[in-house]
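Below, each chain spelled out in residue letters.
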Amino acid sequence: MSVCGYGCGPTCGANIISVLTDSSVTPIACFDYVYKIGGLVPGAGSTWDSMDKMFAHWNVKSTRTIRFDKVYDKVRDGNALCMCVVKSSRWTAKGHFIVLYGITNDNHVLISDPASYADYRQKQGTWKELKAACTQMWLIENVSQYKLKSNKTVNDMAKTVSLYVKEKDGVNVRVGRGTHYKK
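So, here's what we can say about the structure.

1. A word on the nonpolar core
- In this structure, Ile16, Ile17, Leu20, Met54, Phe55, Met83 and Ile140 are the most contacted members of the largest nonpolar core, which totals 27 residues.
- Looking at this core, the elements with two or more residues in it are α2 (8-20), α3 (27-36), α4 (48-57), β4 (80-89), β5 (92-103) and β7 (134-141).
- Considering each element in turn, this core owes the most residues, six residues, to α2.
- Filtering out sequence-adjacent residues up to four positions away, Met83 remains in contact with Gly9, Cys12, Gly13, Ile16, Met51, Phe55, Phe97, Ile98, Val99, Gln136, Met137 and Trp138.
- Counting residues in each nonpolar core, the second largest holds 18 residues, with Val75, Cys82, Leu130 and Leu139 among its members.

2. Topic: the packing of α2 against α3
- At a minimum axis separation of 8 Å, α2 and α3 run at an interaxial angle of 125°. Compared by their axis directions, α2 and α3 come out oblique. Classified by chirality, the crossing of α3 by α2 is right-handed. Contact with α2, carried on its side by Pro10, Thr11, Gly13, Ala14 and Ile17, involves Pro27, Cys30, Phe31 and Val34 of α3 and no other residues of that element.
- Residues belonging to the contact of α2 with α3 are distributed by class as follows: seven nonpolar, two polar and no charged.

What counts, and where the lines are drawn
- Residues numbered from 1 in each chain as written.
- Predicted model: local features only at pLDDT ≥ 70, side-chain atom pairs only at ≥ 80, totals over all residues.
- Heavy atoms only, no water.
- Core = buried A, V, L, I, M, F, W, Y, C linked by side-chain atoms within 4.5 Å.
- Buried < 20%, exposed > 50% of the residue type's maximum accessible area, 1.4 Å probe, protein only.
- Helix = DSSP H or I, 4+ residues; strand = E, 2+ residues; numbered from the N terminus.
- Contact = heavy atoms within 4.5 Å.
- Axes fitted to C-alpha atoms, helices over the stretch in contact; angles between N-to-C directions.
- Parallel < 35°, antiparallel > 145°, perpendicular 65-115°, else oblique.
- Left-handed = near helix turned anticlockwise from the far one by under 90°.
- Nonpolar A, V, L, I, M, F, W, Y, C, P; charged D, E, K, R; others polar.

Below, the structure written as C-alpha cells:
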C-alpha cells in the first residue's frame, strides 16, 4: 500500500497534528502508524477507528461525530478544526478525507484537501454541499489550548496542504495553486 493510494486520512491527520502539537509529524509518520496498527484496508483506505487511534497517539483530543450543527458552530467560531470523510462530491469520485478549517460569512467552506490545490475544491464549496457529502467527522475543539510553534493562527496553519505524487508520475511545481500558474 502507498500513501498515494491510501494516504488521505493519515495526511489530513498529519495536517492537524503538526499544527497543534508537533510540526515534525508528517503524513508519512501518520501513514506508517496507521499501517502498523492495521488501519489500512486494501481497496478502501483508512479505517475510522484507526483515525481515532492516530489522534490519540499524538495527544490530539478528537470526537467522532455527525452532529453538523455542533461542527458548524465550533469551526465557524474559529476554535475548532474538523477532519471529514466525504462521498462522491466536488471533493472526490468515491470516498476521501479532507480537513475543514473555516467557514466564511457566506457559508463557503475552507478546505485543506491532500489531493488537490484547486480553488474549486479548496474554497468554492458550500456548507450545504459539505453536509450532503460528509459521512463522518472528527471534531478537534478548543484548538487555542494547544501550544503553537509559530505566531500564525491555527486556521492559517491548517490550510497547508500536503500532496504526495507517485515517483514515476513526476510533478510540476507551480508558482500558485492550479494549472493556470507558471511552472
